[in-house]
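One-letter residues, chain by chain:
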Amino acid sequence: MGLPQGSCLSPLLYNFYVNDIDECLANSCTLRQLADDSVVSITGGKASDLQGPLQDTLDNLSEWALKLGIEFSPEKTELVVFSRKHNPAQLQLLLTGKTISQVLVAKYLGVWFDSKCTWACHIRYLTQKCQQRINFLRTITGTWWGAHPGDLLRLYQTTILSVLEYGCFCFRSAANTHIIKLERIQYRCLRIALGCMQSTHTMSLEVLAGILPLKHRFWNLSYRLLIRCTVMNPLVIENFERLVDLQSQSRFMTLYFDYMAQDIKPSSYDSSNVALLATSNNAIFFDTTMKQDISGIPDQLRPQEIPKIFSNKFKHVSYDKSFYTDGSNLDESTGFGVFHENFTASYKLDAPASVYVAELAAIQYSLGIIETLPIDHYFIFTDSLSAIEALRSMKPAKHTPYFLGKIRRFLSALTDKNYRVTLAWVPSQCSIPGNEKADSLAKVGAIDGDIYERPIAFDEFYSILRQRTLNSWQSSWNSDELGRWLHSIFPKVSTKAWFKGLDVGRDFIRVMSRLMSNHYTLNTHLFRIGLVDSNHCVCGDGYHDIEHVVWSCTEYCGVRSELIDSLRAREKQPNVPVRDILGSGDLQYMTQLYVFIKHAGIKI
């Protein structure tokens, strides 16, 4: 009232305006709100237990709205009775004198809730919504031409996968007959992106593209939500606890039972009030120039050349003003080490802990020691560029690590006392004496160090979830009966596409993906899927598969001699099994194989 549309004051004033809406609720009724979308709910075993309290609540809401000069719309209000019974209760409810329609499904915050909680309607809605986006992927690519598979996978993840996973916390427990409809959408998109045949094994597509199976993806996102809610929205956990008290054994509860068994207890420290360092502070310095100084040095010369560059660059820094820090992870244990001429330190961090957190812990520990020393200019040398960039950044992080906030407070306190501090980056594993000693201390800390107490943020547990998800995917990949050819090439799953980092085109990726999956348009495979009458080659001397075509078929002798000469010129062995070539990751070998296929005019 009286505010321009989109005013930043609107949400705040709206919250004040409707702050007493809870007083309208009758006994047993609850209210859930997101902005002006509200849901009134009640549970009971009989229609009579629901009718009275709900009608009283609606009457109170009508009176409350009238006093505020606003009104609810009966036409936009719907009633759903959630029940597994064949004949659910029929309620007659009025809002401002008009009957509320009772429906079987209702959409709330983008998710369709059906009365029997089968999620069939929502999944049908998702398949229809994604169809147009799948058609767009098809318009920008074909079998031999089109956008790069890497770009297509990014398009899939941003425009289609994001739609499929929204609200998965609710519908992830739907029957497999419904979830498979969503999985088929992912399979279709991956076939389009990679240019694979329709017959390609579905899990092989996901392994080639580095895309998690949807069931694992849904589990991971739902578990992350539970961990986050433990700290940021305890009401969700309380609702689950009520269901536990009711001895609910539905499939929806299996995730929560697993969560309870893991004993995950994130700390609830507030990271939102961590101040940023002032850019005008002339007592704090960040030195990452070593990165440019060592650029272009060959790997074999780094241990000899880099220590000389470091020594010349920082020869003005005395030993008693230098601290070297490092973090390490060994056998799933994480620790940090601090080296100084007069003392050393090595500690272990409670799991879960990343090397990045350990690096920050080491820097924070060094600052604590500096605070006890005379006022001077001190240098902290670390091989963690990410830690320095995080401290230097003026962008507020969504979830600030505990040690990052503590370091910033330390630096502010030290500069107030006229200390000067420089955080300098040095390369790791390059024979810089101080860094090598800090690395050794970090390894000792990871294995045998005393525990360095700290609160564990909820997002630190995500690494455990990520590993559990990968392990579950790996187990499925190992035990599946199909896709064994590809399993022999890629026995280990990864969230990166097989062509990640390779400067190759779409057709190269298409051909190699088909060869890796063992689904291509030669007679051996076409016979296997019933499209041709024979799996033998027309030369009459073997099966018409990629192995025979490349190394044996008499029709391609001329092109084969060019291939062998080219391989020998590059010091590569000919007559190597194609499976070994594909599994080697040798781009030169694979390129020569691709060139042979193209020159021979073989359709893959």
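Everything numeric here is computed off the predicted structure, so don't read it as measured data. Each chain has its residues counted from 1, running along the sequence as written. Whole-chain, interface and lining totals are the exception, using all residues; otherwise, since this is a predicted model, local features are given only for residues with pLDDT of at least 70 and side-chain atom pairs are given and counted only at 80 or more. For side-chain calculations, the full set of non-hydrogen atoms in the structure is used, while hydrogens and water are omitted.

1. Remarks on the overall build of the protein
And then number 1: A run of DSSP states H or I qualifies as a helix once it reaches four residues; a run of E qualifies as a strand once it reaches two. Both are numbered from the N-terminal end. What the protein contains, in helices and strands, is 24 helices and 15 strands.
And then number 2: With C-alpha atoms as the basis for the radius of gyration, the globule rule is written as 2.2 Å multiplied by the number of residues raised to the power 0.38. Relative to the 2.2 N^0.38 estimate, which gives 25 Å for 604 residues, the radius of gyration of the protein is 31 Å and therefore markedly larger than a compact globule would have.
And then number 3: Judged by the C-alpha coordinates and their principal axes, the protein covers about 90 × 85 × 50 Å.
And then number 4: Among the 604 residues that make up the protein, the fraction classed as buried is 45%.
And then number 5: Within the protein, counting contacts between residues at least 6 apart in sequence, those at least 24 apart form 66% of the total.
And then number 6: Note on areas: these come from Shrake-Rupley sampling with a 1.4 Å probe, and a residue is covered only by the protein chains present in the view. For the protein, the exposed surface amounts to about 31,800 Å²; the carbon and sulfur share of it is 52%.
And then number 7: When charges are counted, Lys and Arg are positive and Asp and Glu negative, with His and the chain ends excluded. Here the site of a charge means atom NZ of a Lys, CZ of an Arg, CG of an Asp or CD of a Glu. Of the charged side chains in the protein, 61 are positive and 60 negative; the average position of the first set lies 5 Å away from that of the second. Accessibility here uses a 1.4 Å probe with only protein chains present; expressed as a share of the type maximum, an area under 20% marks a residue as buried, one over 50% as exposed, and anything in between as partly exposed. Here, two residues are considered to be in contact whenever any of their heavy atoms come within 4.5 Å of each other.

2. Details of the side chain of Gln364
And then number 1: Looking at where Gln364 falls in the secondary structure, it is placed in helix H13 (residues 355-370).
And then number 2: Under the relative-accessibility criterion, Gln364 is labelled buried at 4%.
And then number 3: In contact with Gln364, other than residues within four places in its own chain, are Phe403, Lys406, Ile407, Phe410 and Tyr452.

3. Focus on the layout of surface pockets
And then number 1: Only protein atoms enter the calculation, which uses a 1 Å grid: trapped sets of points that fit a 1.4 Å probe without letting it out are cavities, open sets showing protein on both sides within 12 Å along at least five of seven lines are pockets, and any residue with an atom within 4 Å of a point is a lining residue. Grid points are joined across faces, edges and corners, and a volume is the space filled by probe spheres set on the points. A volume near 950 Å³ is recorded for the second largest pocket.
And then number 2: Along its surface, the second largest pocket is lined by 37 residues, and Tyr462, Ser463, Ile464, Arg466 and Gln467 are the ones closest to its centre.
And then number 3: Only helix H4 (149-165), helix H8 (214-232), strand E11 (333-339), strand E12 (344-349), H13 and helix H17 (462-479) provide two or more residues apiece to the lining of the second largest pocket.
And then number 4: Per-element accounting of the lining of the second largest pocket gives the leading share, seven residues, to H17.
And then number 5: Residue composition of the lining of the second largest pocket, grouped by class: 16 nonpolar, 13 polar and eight charged. Ten residue types, Ala, Val, Leu, Ile, Met, Phe, Trp, Tyr, Cys and Pro, are classed as nonpolar, four, Asp, Glu, Lys and Arg, as charged, and the remainder, Gly among them, as polar.

4. Thoughts on the pattern of salt bridges
And then number 1: Within this document, salt bridges are pairs made up of a side-chain nitrogen of Lys or Arg and a carboxyl oxygen of Asp or Glu, the two lying within 4 Å of each other. Within the structure shown, the criterion is met by 14 salt bridges.
And then number 2: Between Asp439 and Lys443 there is a salt bridge, with its nearest N and O atoms 2.7 Å apart. Taken together, the residues Asp439 and Lys443, both in helix H16 (residues 433-448) and four residues apart, mark about one turn of the helix.
And then number 3: By relative accessible area, Lys443 is classed as partly exposed at 32%.
And then number 4: Between Asp586 and Lys572 there is a salt bridge, with its nearest N and O atoms 2.5 Å apart. Of this pair, Asp586 sits in the loop between helix H23 (578-584) and helix H24 (587-600) while Lys572 is found in the loop between helix H22 (557-569) and H23, placing the two residues 14 residues apart along the sequence.

5. Here we look at the packing of H4 against H8
And then number 1: Angles here are taken between N-to-C directions and fall from 0 to 180 degrees, while the axes themselves are lines fitted to C-alpha atoms, restricted in helices to the stretch in contact. One way to put it is that H4 packs onto H8 with a least axis distance of 10 Å and a crossing angle of 65 degrees. In this structure, H4 meets H8 at a crossing whose hand is right-handed. Across the interface between the two elements, Leu161, Leu164 and Glu165 from H4 touch Leu214, Arg217, Phe218 and Leu221 from H8.
And then number 2: Looking at side-chain class alone, the contact of H4 with H8 contains five nonpolar, no polar and two charged residues. The handedness criterion is simple: a crossing whose near helix is rotated anticlockwise from the far helix by less than a right angle is left-handed, and one whose near helix is rotated clockwise is right-handed.

6. Remarks on the nonpolar core
And then number 1: Residues Met512 and Leu515 are the most contacted members of the largest nonpolar core, which totals 78 residues.
And then number 2: The element contributing the most residues to this core is helix H6 (residues 176-194), with nine residues.
And then number 3: When sequence neighbours within four positions are dropped, the list of residues in contact with Met512 reads Trp498, Leu582, Met590, Leu593 and Tyr594. What we call a nonpolar core is a set of buried Ala, Val, Leu, Ile, Met, Phe, Trp, Tyr and Cys residues that are connected through their side-chain atoms within 4.5 Å.

7. Re unusual backbone geometry
Note on backbone geometry: most residues besides glycine have negative phi, and most peptide bonds are trans.
And then number 1: Residue Pro352 follows Ala351 across a cis peptide bond; omega there is 0 degrees.
And then number 2: Position of Pro352 relative to the elements: it lies in the loop between E12 and H13.
And then number 3: The backbone of Thr96 shows a phi angle near 50 degrees, a positive value even though the residue is not glycine.
And then number 4: Structurally, the position occupied by Thr96 is in the loop between strand E4 (94-95) and strand E5 (98-99).
And then number 5: Look at Thr96 and you get partly exposed, because its relative accessible area is 45%.
And then number 6: Positive phi, close to 75 degrees, is recorded for Asn418, a residue that is not glycine.

8. A closer look at the sheet that holds strand E9 (residues 284-287)
And then number 1: The strand order across the open sheet built from seven strands is E9-E14-E13-E10-E11-E12-E15, with neighbouring strands paired in mixed fashion. Strands with a single pairing partner mark the edges of an open sheet, and in this sheet they are E9 and strand E15 (450-451).
And then number 2: Where helix H14 (residues 385-392) meets the sheet, it contacts E9, strand E13 (377-382) and strand E14 (420-425), and its direction lies at approximately 140 degrees from that of E14. Pairing between two strands is assigned when DSSP locates at least 2 bridges connecting them.

9. A word on the pairing of strand E8 (residues 111-114)
And then number 1: Pairing of strand E7 (residues 105-108) with E8, which is carried by four bridges, proceeds in the antiparallel orientation. Of the residues in E8, the one forming a bridge with Lys107 is Trp112.
And then number 2: Between the end of E7 and the start of E8, which pair antiparallel, lie two residues, with Leu109 showing a positive phi angle near 55 degrees.

10. Brief notes about H4
And then number 1: Fitting axes to the seven residues ending at a residue and to the seven starting there, one defines the bend at that residue as the angle between these axes. Of all the bends found along H4, the most pronounced is centred on Gln157 and spans about 35 degrees.
And then number 2: Those residues of H4 not exposed but buried are Pro149, Gly150, Leu152, Leu153, Tyr156, Ile160, Leu161, Val163, Leu164 and Glu165.

11. A word on the packing of aromatic side chains
And then number 1: Paired rings are identified among Phe, Tyr and Trp, the last through its six-membered ring, by centres lying within 6.5 Å, and are further divided according to the angle between planes into stacked (under 30 degrees), edge-to-face (over 60) and tilted (the rest). Scanning the entire structure with this criterion turns up 34 aromatic pairs.
And then number 2: Seen in terms of ring centroids, Phe310 and Phe314 are 5.3 Å apart; in terms of plane orientation they differ by 45 degrees. Their pairing is tilted.
And then number 3: For Phe314, a relative accessible area of 7% gives the class buried.
And then number 4: When the ring of Phe336 is compared with that of Tyr365, the centres are 6.0 Å apart and the planes differ by 55 degrees; the resulting orientation is tilted. Of this pair, Phe336 sits in strand E11 while Tyr365 sits in helix H13, and the two are 29 residues apart along the sequence.
And then number 5: Each member of the aromatic cluster is reached from another via a ring pair, and the members are Phe169, Trp219, Tyr223, Phe240, Phe252, Tyr256 and Tyr259.
And then number 6: Think of it as a cone above the ring: NZ of Lys or CZ of Arg counts as a charge over the ring if it is within 6 Å of the ring centre and within 35 degrees of the ring normal. The positively charged end of Arg224 is found above the aromatic ring belonging to Tyr462, 4.0 Å away from the centroid.

Just distances and angles here, no functional claims.
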